[in-house]
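Letter by letter, the chains look like this.
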Amino acid sequence: MPPPPNLKLAILALGLGAFAIGTSEFAAMGLLPWYVSDLGITEPQAGHVISAYALGVVVGAPITTLLGAKLPRRRYLAGLIAAYGLMNLLAAVLPGYGTLVFTRFLAGLPHGGFLGVAMLFAADALPKEQRAKGVTQILLGLTIANIAGVPLAGVLGQGLGWRWGFALPGVLALIAGWLILRLAPRVGAPPNARPMAELRALKNPAVILTLLVGAVGCGGVFAVYSYLSAAMLATTNPPSWAVAALLSAFGVGMTLGSIMSARLTIRLGEFRASFVLMVFMAVTQGLASLAVGNWVLMIGSSFIIGVGASMAVPLQTRLMEVAGEAQSMAAAMNHAAFNAANALGPWLAGMALGAGWGWRSSGLVGIALSIAGLLVLALAAWQARVSGQSRQNYTARA
């Protein structure tokens, strides 16, 4: 049965929060050429702004999950997204490179806790076999942000100054927090919540390996996309609208990819869907490397990179199956894993650029990370098979 109308409105409010997060996270990549120029820093240094945010997500995901385990989900989600909005506004108004790095780190802290619990909220509203669609409803907020929010932030940054690109998601996040308080069901804290029990998810080999698939394998997407707009401006002479088109193309690709990924996961299962998506990502990263120097092809490569950047759906669905009672921690750590990839990819690509390997090198870094992700995925599939056989043998003996 479809969720009741008030629950639909609550999910839309959560989607607006995801939209704000997606706008802020990916706008930092699209705005990179402008804060490089304004702050007088290099592209690899600007990559630290992106990595600082990602590190904040990795650090904040387990902390916010533990602190919020006994809080009503409505207040927990509203508080996290409001804090997120405030940190983005501070990034927009405080001067200097160091303060930008620090405020981006602080902005990352609520990211994983909010999106993880928001996806659980949406998934619990649907039948078990349709939970992937619930995850997708929240992820669409992230992907649509890349169609509308990130290009708008880029236009604001190009026309009025890059700080407006962070102010926009800050305001949207505060609005989302207010709407969540108004629209989300007034349900008390989970009665059986045990904060420390959530930490046991991090001892589960199936959970750890699933998180590693995202942390390693998805680093390639961020290695390429983080420097794509800078590469376009450095190697071509594009029209003024080309950067916004490149950012929007990525968002369109992500939106289509998320919808396709949910259907692929339902049809093939988590492991096979993840394998297909990982191989596709490696191919798109190679094409992105070849496209450098031609702004039209670079816009096209941005689109196909976005289509492949939808590993969150099968991995989140897998985590729901293996996390047991630690659903909130696993969901939050899934976002932490993707942001570990967001730190790893730009860092390695920045090292390649700093070594003088050229703008095409980010695509080669991406391919290497995708191959490494496939190896981790194979290990995760092997562990699941061995674990399943062990349970069957135990049941047979019993």
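Treat the numbers as computed from the prediction; the structure is a model and nothing was measured.

**Thoughts on the pattern of salt bridges**
Enumeration over the complete set of coordinates arrives at one salt bridge. The salt bridge partner of Arg318 is Glu321, with a shortest N-O separation of 4.0 Å. Here Glu321 and Arg318 lie together in helix α16 (residues 312-322), a separation of three residues that amounts to about one turn.

**Comments concerning a nonpolar patch on the surface**
On the surface, Leu268, Phe275, Val276, Val279, Val283, Leu287 and Leu290 cluster together to form a nonpolar patch covering roughly 600 Å² of accessible area. Among the elements that line the nonpolar patch, the one with the most residues is helix α14 (residues 270-291), at six residues. Following the sequence through the fold, Val276 ends up in helix α14.

**Quick look at the nonpolar core**
Nonpolar side chains in soluble globular proteins tend to end up buried together. Counting 106 residues, the largest nonpolar core has Tyr35, Phe114, Ile138, Ile180 and Met311 as the members making the most contacts within it. Here this core gets 13 residues from one element, more than from any other, and that element is helix α1 (residues 5-30). Apart from residues lying up to four places away in sequence, Ile180 is in contact with Ala13, Leu14, Arg74, Leu77, Ala78, Ile81 and Phe114. Formed by 15 residues, the second largest nonpolar core is a distinct cluster that contains Ala61, Leu211, Ala330 and Ala336.

**Brief notes about the packing of aromatic side chains**
Following the criterion strictly, the structure yields eight aromatic pairs and no others. Note on Trp241 and Trp295: the rings are 5.4 Å apart at their centroids and 80 degrees apart in plane angle, and the pair reads as edge-to-face. In this pair, Trp241 sits in the loop between α12 (228-235) and α13 (242-268) while Trp295 sits in helix α15 (residues 295-308), placing the two residues 54 residues apart along the sequence. Through successive ring pairs, a cluster of aromatic residues spans Phe26, Phe222, Tyr225 and Phe250.

**A closer look at the packing of helix α10 (residues 205-217) against helix α17 (residues 327-354)**
A pair of packed helices is characterised by two quantities: the angle between their axes and the separation of those axes. Two elements in contact, α10 and α17, have axes whose closest approach is 7 Å; the angle formed by their N-to-C orientations is 30 degrees. Comparing the axis directions of α10 and α17 gives the class roughly parallel. Between α10 and α17 the crossing geometry is right-handed. Facing α10, whose interface residues are Leu211, Gly214 and Ala215, α17 presents Ala330, Met333, Asn334, Ala337, Ala340, Ala341 and Leu344. Here the contact of α10 with α17 is composed, by residue class, of eight nonpolar, two polar and no charged.

**Some details on the packing of α13 against α14**
Contact pair α13 / α14: the axes reach a minimum separation of 7 Å and the direction vectors enclose 135 degrees. As judged from the angle between their axes, α13 and α14 are oblique. Crossing hand, α13 versus α14: right-handed. From α13, Ser261, Leu264, Thr265 and Leu268 reach across to α14, where they touch Glu270, Arg272, Ala273, Val276 and Leu277. Of the residues contributing to the contact of α13 with α14, the split by class is five nonpolar, two polar and two charged.

**Considering the confidence of the model for the chain**
This prediction gives the chain a mean pLDDT of 83; 89% of its residues lie at or above 70. Within the model, pLDDT remains below 50 along residues 389-398, and this stretch shows zero contacts once partners closer than five positions in the same chain are excluded.

**Thoughts on the environment of Ser362**
Tracing the backbone through its elements, the reader meets Ser362 in helix α18 (residues 361-397). In the structure, Ser362 is positioned 137 residues away from Tyr225 in sequence and 8.7 Å away in space, judged by C-alpha atoms. Discounting chain neighbours no more than four positions away, the residues touching Ser362 are Ala223, Val224 and Ala349. Side-chain polar atoms of Ser362 contact the backbone oxygen of Trp359, separated by 3.4 Å.

**Comments concerning the environment of Ser370**
Structurally, Ser370 can be placed in helix α18. Accessibility expressed as a relative area gives 0% for Ser370, which makes it buried. Sequence separation between Ser370 and Ala282 is 88 residues; the distance between their C-alpha atoms is 5.6 Å. The residues touching Ser370, leaving out its near neighbours within four places in the chain, are Gly217, Met278, Met281, Ala282 and Gln285.

**Description of the side chain of Ser226**
Assignment of secondary structure puts Ser226 in the loop between α11 (219-225) and α12. A residue is classified by how much of its surface remains accessible, and Ser226, at 0% relative accessible area, is buried. Among the polar contacts made by the side chain of Ser226, one reaches the main-chain carbonyl oxygen of Phe222 at a distance of 2.6 Å. Setting aside residues up to four positions removed in sequence, Ser226 forms contacts with Met29, Leu32, Ile50, Asn342 and Pro346.

Each value, and the rule that gives it
Here the residue numbering is sequential within each chain, running from 1 through the sequence in written order. Residue-level local features of this predicted model are given only where pLDDT is at least 70; pairs of side-chain atoms are given and counted only at 80 or more, and the full residue set underlies all totals for whole chains, interfaces and linings. Each side-chain value is worked out from all heavy atoms of the structure, with water and hydrogens disregarded. Salt bridge criterion: a side-chain nitrogen from Lys or Arg within 4 Å of a carboxyl oxygen from Asp or Glu. Numbered from the N terminus, helices here are DSSP runs of H or I no shorter than four residues, and strands are runs of E no shorter than two. Residues forming no salt bridge and having over 30% relative accessible area are the ones grouped into patches, like charges within 9 Å of each other and nonpolar side chains (Val, Leu, Ile, Met, Phe, Trp, Tyr) within 5 Å. For the accessible areas, the method is Shrake-Rupley and the probe is 1.4 Å, while residue cover comes only from the protein chains on display. Among buried residues, the Ala, Val, Leu, Ile, Met, Phe, Trp, Tyr and Cys ones that are joined through side-chain atoms within 4.5 Å form a nonpolar core. Buried residues are those whose accessible area, probed at 1.4 Å on protein chains only, stays under 20% of the maximum for their type, while exposed residues exceed 50% and partly exposed ones sit between those limits. Every residue pair with non-hydrogen atoms within 4.5 Å of one another is taken to be in contact. Centre distance within 6.5 Å is the pairing criterion for rings of Phe, Tyr and Trp, where only the six-membered ring of Trp is used; planes under 30 degrees apart are then read as stacked, over 60 as edge-to-face, and the remainder as tilted. Note on geometry: axes are lines fitted to C-alpha atoms, helical ones only across the stretch in contact, with angles between N-to-C directions running from 0 to 180 degrees. Roughly parallel refers to an angle under 35 degrees, roughly antiparallel to one over 145, roughly perpendicular to one between 65 and 115, and oblique to any angle outside these ranges. Each crossing gets its handedness from the near helix: less than a right angle anticlockwise from the far helix is left-handed, clockwise is right-handed. Think of it as three bins: nonpolar holds Ala, Val, Leu, Ile, Met, Phe, Trp, Tyr, Cys and Pro, charged holds Asp, Glu, Lys and Arg, and polar takes everything else, Gly as well. Each residue carries a pLDDT score, the predictor's own confidence in it, on a scale running from 0 to 100. In the analysis that follows, any N or O atom pair within 3.5 Å is treated as a polar contact, provided that within protein one partner can donate a hydrogen and the other can accept it, and provided that, for residues neighboring in sequence, both atoms belong to side chains.

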